[in-house]
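Observations on the three-dimensional arrangement
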Protein chains: 2
Amino acid sequence: MTNVLDLFVERIGLIKSYEESLALLSWDLRTGAPRKGMDVRSQSIGNLSGEMFKLATAPELGEWLTELEKPDTYEGLNEVHKRLVTETRKDYDRSVKIPPKLYQEYVVLTSQAETFWEEAKANSDYASFEPYLDKIINYTNQFIDLWGVKGTRYDTLLDMYEPGMTTAELDRVFGGLREKLVPLSAAIAASPHQPETGFLKQSYAKEAQKKFSLFILDQLGFDFSGGRLDESAHPFATGLNPGDVRITTRYLTDDVTSALFGTIHECGHAMYEQNIRQDLIGTTLCTGTSMGIHESQSRFWENVIGRSLSFWSRYYGDLQQHFPNQLEVPMEDFYRATNVVQPSLIRIEADELTYNLHIIIRYEMEKLIFNEGVKASELPELWNEKYKEYLGIEPANDGEGVLQDVHWSGGAFGYFPSYSLGNMYAAQITDTLEREMPNIWELVENGNLHPIKDWLTDKVYQYGKLKTPSELIVDITGKPLDPDYLFTYLEKKYSAIYKL
Amino acid sequence: MTNVLDLFVERIGLIKSYEESLALLSWDLRTGAPRKGMDVRSQSIGNLSGEMFKLATAPELGEWLTELEKPDTYEGLNEVHKRLVTETRKDYDRSVKIPPKLYQEYVVLTSQAETFWEEAKANSDYASFEPYLDKIINYTNQFIDLWGVKGTRYDTLLDMYEPGMTTAELDRVFGGLREKLVPLSAAIAASPHQPETGFLKQSYAKEAQKKFSLFILDQLGFDFSGGRLDESAHPFATGLNPGDVRITTRYLTDDVTSALFGTIHECGHAMYEQNIRQDLIGTTLCTGTSMGIHESQSRFWENVIGRSLSFWSRYYGDLQQHFPNQLEVPMEDFYRATNVVQPSLIRIEADELTYNLHIIIRYEMEKLIFNEGVKASELPELWNEKYKEYLGIEPANDGEGVLQDVHWSGGAFGYFPSYSLGNMYAAQITDTLEREMPNIWELVENGNLHPIKDWLTDKVYQYGKLKTPSELIVDITGKPLDPDYLFTYLEKKYSAIYKL
C-alpha cells in the first residue's frame, strides 16, 4: 500500500512541477517576453499543458486513487494525503471526460485569443475578437456537456472556481446585495458631502510610486526573499511555490491610486501563497482553496485595511514625503478621496461599493450565455443595456465596454463572481477578526500590521487547499457565507464618509 | 508513411517545447528568481528534464526513426526532415545506451557537485572537491564505455559539443597555433609600446553603461522585438525560439569594458539564434550547429568587429558622450587599451590572444584524464606546471587555478575546445567575408553594420543545425578548418598595436 501512496505522491509532485513551469511561462509572457516569440510560446504552453493533462488523466492515476480510497487504506492516511486523494479524485473525474486533443486545442486557442483581445480592446474593435470569443464559448459548452450538468449549465463552471457554488446560491446572495446596494448608492449620490478628488490626478513620478510600493509591501509583510514585484499591463499575482510568489503592478503617472491600491491588492494574494504550510509544498494543495477566498484576502488588504482611516493616519505622512508637492491636503481629505463612490465604466477602477454591481452584470451575462444560449454577437448590446440599468451610464465604445476584461479571452467563465464573493468573505472574516483582536485598529494606526498577517496565516493562509472554502468560512466565523456582513460594513463606512 | 512522419515531427515539436520551457526556467533562476524558491525550482527542472528524457528515448521514437530511415522513405523527405532524422538518430542512439538509473545518479551527483565546487573555489580547497570530481570522471568513463569509443576515448566527448571533432584534428590545429602563439606572446611582452589602461578602471555609472549597451545592440542588429537584455552575475545568451532570444550582461561600475564587450559577445550569440530559418522553428534543428560555431559568432562580433580600430573610429565619440569625464584620451589610446595583451591566471578575463593558451591547457588536461587515465588527485600540480610553461605564471592557490571554471563540476568534459575553435572559425570566416565584401571596414567606420549581419545570416545563421560545423565552414570558406587564419589575424592586429 505504501508503494501506491508513493507512486501517487510522486505523480502529484510531477503535476505540480508542470504547474510551476506553466505559471512561469505565463508570468513571463505578461511581464516582458518579446512579442515575436509569442506564437511559439503559445505552442509550448499548449504542449506542456497537454503533457500535464495526460499525466493528470492517466489510467494508472485512477487505479491508485481507487486503491487509496478503500476505507481501510484511506483511514490510515494522514490529513494531507486524505485531502489530496479527495481533491485529486474530483479533478481526475472532471478531466478524464475531456479528450486530450480537445483540451490542447482549447489551450492554444485561449493563449492566442488573449493577444487578439488585447488588440481588439486597444482598437475598440469587437468584430475582430468576436470569432475567438465565439469559439471559446463553443469549446466551453462542449466541456459542460462532457462534464455533465448539475443544476444549471452555468453551475458546472462556477464549481471550478468556487467549489460547491451554484446559480441558486449566487442569485440569493447577489440578489440580496443588489437590493440593498442600489438605494445606498442612490443616497450616496444624493449626499451634499462629495469628496474632492482632483488632487489624486496630478503628475506622480513613476520612480517615487515604485519606491512607495516597495515600502508598503514591506510594511504589510510581503516577503521579498520569497517574492518579487514587476510591472505588467494588468496587475496580477502568481504563486509558483511559497518561496517564489510574484506580483505585478502598473504605474500611472497621472493617478497615484492605481499602483498604490493595486499593489496592496496583489500583496494580499501573495501573502496567502507565501504562508502556506511547508508540508503542502510540492502538492496540488499548495495554493489558495478557491478564487473567492483568494480574492477575500486581496480585498481585505486593499479595502478593509488599505482604504481605512487608521491605515492612512499612519502612512499618509510617508506618502506625502514621496509627493510633497502633490499631497498638500489633510489626511482626512485623502482618505475620503480614495473612498469616493462614483458609478463608472471600468470594473478595475470601480470603488469598493459599485464594484459589486460590475460583477453582478458579468454574472448575469455569463448566466445568459450558458443557461440561455445568448451568442457572442449579442454581448455588446446586452452589456451596454445592463450598464445603463444598474449604473446609469453607458460605454462610448466596446473598448471601455464588453472588451474591458481579459477573462473571457482566457475562457474563464464563472470566475467573475469570485470577486464579489471575496468582498463578502472578507467582510465576514473581518467581523470575527475585530472580535478576536479588539485592538486591531490601534495596531493599524501604529503600523503594526504583522499580527494581522499572522492571524490570517493561522486562520486562512497556512491551510492552502486543505480546507474547502465552506469549511474554512465556518471554521473561522462559525457560520456559512452571509452577504449581510458586506452590506453592514459598506453601510457603516460610507454613511460616515458621506454623512448619510 | 506520412503518418509516421507526422508522429515523428510532432514528437520533435514536443521535445522542443520542453527545451524552451527548461531554458526559461533556467534563465529566470539566473536573472532574478527569489532565492527561497530555488529548491522547489530545482525539483521542477529535474522533473521536466526527466519527462523530456523519457520522450526522447521512448521505444516508439526508435521505431519511427527506423521507418523513416528506409531508403525509399528517406529519399522522399525534404532536406529539413532528412537532417532531423539524422540528428535525432544520433541523439537517440546516444541516449538509449545510458540506463535511466545511472543517468539519474549522474544528474544528482553533478547538481550537488556544482554547489561543492562553488565552496571549494571560494576556499581554494581542492581536497574537498576532489572526491566529487573523481566520481564525475568515473561516471563519464562509464558513459564513454556505453557510447562506444571511436578513435580515442576523449573523441567520444568532443563529438558531443563539436560533431565530428577528434583529438587528432585538435592536436593538429592547437599544436600549430600554440607553436606560433608562444613566440608572438613573448614578443608582445617584450615590446616597449605597452598600452596605458588605467583610465578604463574608473567610476562608470551603471545607468550610462546600460544606455550605451542598448544603443550598441541596436547598432549591431539585435532585434529587440524578438529579444531582451537583462542582468545576471555571469553573462549568457539563451534562444528560447528565434522570436525570443535573451541576453544578459553584468555592469561593473569600476570597469567600462566588462559590460561593453560582454554585451557585444552575447549579441553575437543572439543574432545567430534570431536569424534561423522559419521552417526550422519548432524543431530541434532550430539552434546553433555546434558550440564552436556559436562561439565563432560571439567572438567575431566581440573581437573582430568590436575590438577593431574601425569600430571605435565610429563609436568612440558616442561612448565619450556617455562618459565625458572618464574618457578624455584619444580614440587610438582607447583602442589600444581594450586590446592589451597580458598573460593572466583567469580564463574569462584573458585577452583575445592568450585566451587560446588557457583553452589549450584545459584541452591537454582533459586528454590526459580520459586517454591516459590521469587521476583527479594529479590535476592541481599538472595545472600549475602548464600555466608556468605556456603563460609563464603560476597560480598562488587552486581557487585561481584548477578550481576556477564551473565546467568540470557539471561533467562538461570536451566543451573547452569550443572556445578556441570559435576563434579559429571566426578568423577563417572573416577572411572570406573580407574578400566577398571588400568595403567591410568602410562599412564599420560608417556604423553600417547590418550588411555584415545579413552576410552572416546568409552564410551561417539561417541554417541552424541544418548543416554540420564542417559542412558549414567548407561551404563558406571553401576549405576545412585551418588554424593559420587565426594566427595571421592575431599577428597582423597585435604587430600593429605593439609595433613589433
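Residues numbered from 1 in each chain as written. Chains lettered and ligands numbered in written order. Predicted model: local features only at pLDDT ≥ 70, side-chain atom pairs only at ≥ 80, totals over all residues. Heavy atoms only, no water.

Our focus in this paragraph is the domain arrangement of chain A. All names here are of chain A. Here the domain parsing of chain A yields domain 1 (2–97) and domain 2 (167–497). When each unit is reduced to the centre of its C-alpha atoms, the spacing between domain 1 and domain 2 is 30 Å. At the junction of the two partners, domain 1 supplies 16 residues and domain 2 supplies 22 residues. Looking at the side of domain 1 facing domain 2, the largest losses of area belong to K16, W27 and R83, adding up to 37% of the total buried there. Our enumeration of links across domain 1 and domain 2 arrives at two salt bridges. Between E87 and K465 there is a salt bridge, with its nearest N and O atoms 3.7 Å apart. On the surface where domain 1 and domain 2 come into contact, there are five residue pairs in polar contact (both at pLDDT 80 or more). Among the elements of the structure, α1 (2–31) and α5 (79–95) are those that each provide at least two residues to the side of domain 1 that touches domain 2. With eleven residues, the single largest contributor to the side of domain 1 that touches domain 2 is α1. The class makeup of the residues in the side of domain 1 that touches domain 2 is seven nonpolar, two polar and seven charged. (Domains from an automatic or database assignment. Contact = heavy atoms within 4.5 Å. Buried area = accessible area lost by both parts, 1.4 Å probe. Salt bridge = Lys/Arg side-chain N within 4 Å of Asp/Glu carboxyl O. Polar contact = N/O pair within 3.5 Å; in protein donor to acceptor, adjacent residues only side chain to side chain. Helix = DSSP H or I, 4+ residues; strand = E, 2+ residues; numbered from the N terminus. Nonpolar A, V, L, I, M, F, W, Y, C, P; charged D, E, K, R; others polar.)

The next point concerns the UniProt feature "binding site: Zn(2+)" (unreviewed entry) in chain A. Residue and element names in this part refer to chain A. The feature "binding site: Zn(2+)" (unreviewed entry), as given by UniProt, occupies H265, H269 and E295 in the numbering adopted here. A stretch of 31 residues holds the annotated residues, and the largest C-alpha distance among them is 8.7 Å, short enough that they meet in one place. Structurally, H269 is set in helix α11 (residues 256–274). Classification of H269 by relative accessible area gives buried; the value is 10%. Non-local contacts of H269, meaning those with residues more than four positions away in its chain, are made with A237, H294, E295 and S298. Take E295: it is sitting in helix α12 (residues 291–305). When near neighbours in sequence (up to four residues on either side) are disregarded, E295 contacts H265, H269, S418, Y419 and G422. Among the polar contacts listed, one links the side chain of E295 to the side chain of H269, at a separation of 3.3 Å. (UniProt positions renumbered as here; feature names shortened; annotations may be inferred. Buried < 20%, exposed > 50% of the residue type's maximum accessible area, 1.4 Å probe, protein only.)

On to the interface of chain B and chain A, then. At the interface, 36 residues of chain B touch 36 residues of chain A. Together chain B and chain A conceal approximately 2800 Å² of surface at their shared face, both sides included; 52% is due to carbon and sulfur atoms. Contact with chain A buries area across many residues of chain B, yet B:L24, B:P34 and B:K36 alone supply 18% of it, more than any other trio. Connecting chain B to chain A are eight salt bridges. Joining chain B to chain A, the criterion identifies 23 residue pairs in polar contact (both at pLDDT 80 or more). Mapped onto the side of chain B that touches chain A, the elements with two or more residues apiece are α1 (2–31), α2 (38–56), β1 (227–231), β2 (237–241) and β3 (244–249) of chain B. Looking at the side of chain B that touches chain A element by element, the count peaks at eleven residues for α1(B). Residue composition of the side of chain B that touches chain A, by class: twelve nonpolar, 14 polar and ten charged.

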